[in-house]
Amino acid sequence: MGRPKKSEAEAIVPETAIELQVDKMRLSAAQAEALKRSEERIVAAAAMLQRIEREMRALKLKVSESEEARELKKLKAKRKMLLSIHQDATSAYNGALEMALAEVPGKTLSEKIRRLSDGREK
């Protein structure tokens, strides 16, 4: 099975936040300010991503419950069934044709059909 996939929000924002102790890192004021701004941007972006993902899930749910979605699902099921029927019928037809033309000389089915249509069966 493998491990479960993470959503984009989980990949960006881990469940347990790791806080750096900037005070103990001997950074200049500019570096500390840059880190603080970056942290704020990360948190803001993660919050927006989570909000957008919630909205997307709500829209997907709404779309999947629509009449058009149900109709599309029915049509896809019918299409799949008809494709299967078509493939089975084609295979049966080709098998019957090969059996019917077994006595006609020729290597391929098209060669046998050509000989029959030209009138030179044997």
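Residues numbered from 1 in each chain as written. Predicted model: local features only at pLDDT ≥ 70, side-chain atom pairs only at ≥ 80, totals over all residues. Heavy atoms only, no water.

Considering the overall build of the chain
1) Next: Scanning the chain for helices and strands turns up four helices and zero strands.
2) Next: Traced from its N-terminal end to its C-terminal end, the chain shows the element sequence α-α-α-α.
3) Next: Looking at the 122 residues of the chain, the share that counts as buried comes to 6%.
4) Next: Accessible surface for the chain amounts to roughly 11500 Å². Of this, 58% is attributable to carbon and sulfur atoms. (Helix = DSSP H or I, 4+ residues; strand = E, 2+ residues; numbered from the N terminus. Buried < 20%, exposed > 50% of the residue type's maximum accessible area, 1.4 Å probe, protein only. Areas by Shrake-Rupley, 256 points an atom, 1.4 Å probe, with all protein chains shown as cover.)

Some words on a nonpolar patch on the surface
1) Next: A cluster of nonpolar side chains, contributed by Met48, Ile52 and Met56, occupies part of the molecular surface with about 270 Å² of accessible area.
2) Next: Inspection of the secondary structure assignment puts methionine 48 in helix H2 (residues 29-64).
3) Next: Taking relative accessible area as the criterion, methionine 48 reaches 45% and is therefore assigned partly exposed. (Patch = residues over 30% accessible without salt bridge, like charges linked within 9 Å, V, L, I, M, F, W, Y side chains within 5 Å. Salt bridge = Lys/Arg side-chain N within 4 Å of Asp/Glu carboxyl O.)

A word on the environment of alanine 69
1) Next: Within the element layout of this structure, alanine 69 appears in helix H3 (residues 67-100).
2) Next: Alanine 69 sits in the partly exposed class, given a relative accessible area of 24%.
3) Next: If we skip the residues at most four places from it in the chain, alanine 69 touches Val63 and Ser64. (Contact = heavy atoms within 4.5 Å.)

What about the side chain of lysine 112?
1) Next: Here lysine 112 is to be found in helix H4 (residues 109-118).
2) Next: Buried charged residue lysine 112 carries no salt bridge. Nearest counter-charge: glutamate 98, at 7.2 Å.
3) Next: If sequence neighbours within four positions are ignored, lysine 112 has contacts with Leu101, Ala102, Val104, Pro105 and Gly106. (Lys, Arg positive; Asp, Glu negative; His and termini not counted.)

Notes on the confidence of the model for the chain
1) Next: Averaged over the chain, the pLDDT score is 82; the fraction of residues at 70 or greater is 77%.
2) Next: When pLDDT is averaged over each element of the chain, H3 comes out on top at 92 and helix H1 (residues 8-12) at the bottom at 51. (pLDDT = per-residue confidence, 0-100.)

Observations regarding the pattern of salt bridges
Side chains bearing opposite charge may pair, as long as their charged atoms lie close to each other.
1) Next: Across all of its chains, the model carries five salt bridges by this definition.
2) Next: A salt bridge links arginine 37 to glutamate 33; the nearest nitrogen and oxygen atoms lie 3.9 Å apart. Pair noted here: arginine 37 and glutamate 33 are both in helix H2, with a separation of four residues, about one helical turn.
3) Next: Arginine 37 gets classed as partly exposed once you look at its relative accessible area, which sits at 46%.
4) Next: We note a salt bridge from glutamate 53 to arginine 57, for which the minimum N-O separation is 3.9 Å. Separated by four residues within a single helix, glutamate 53 and arginine 57 lie in helix H2, roughly one turn from each other.

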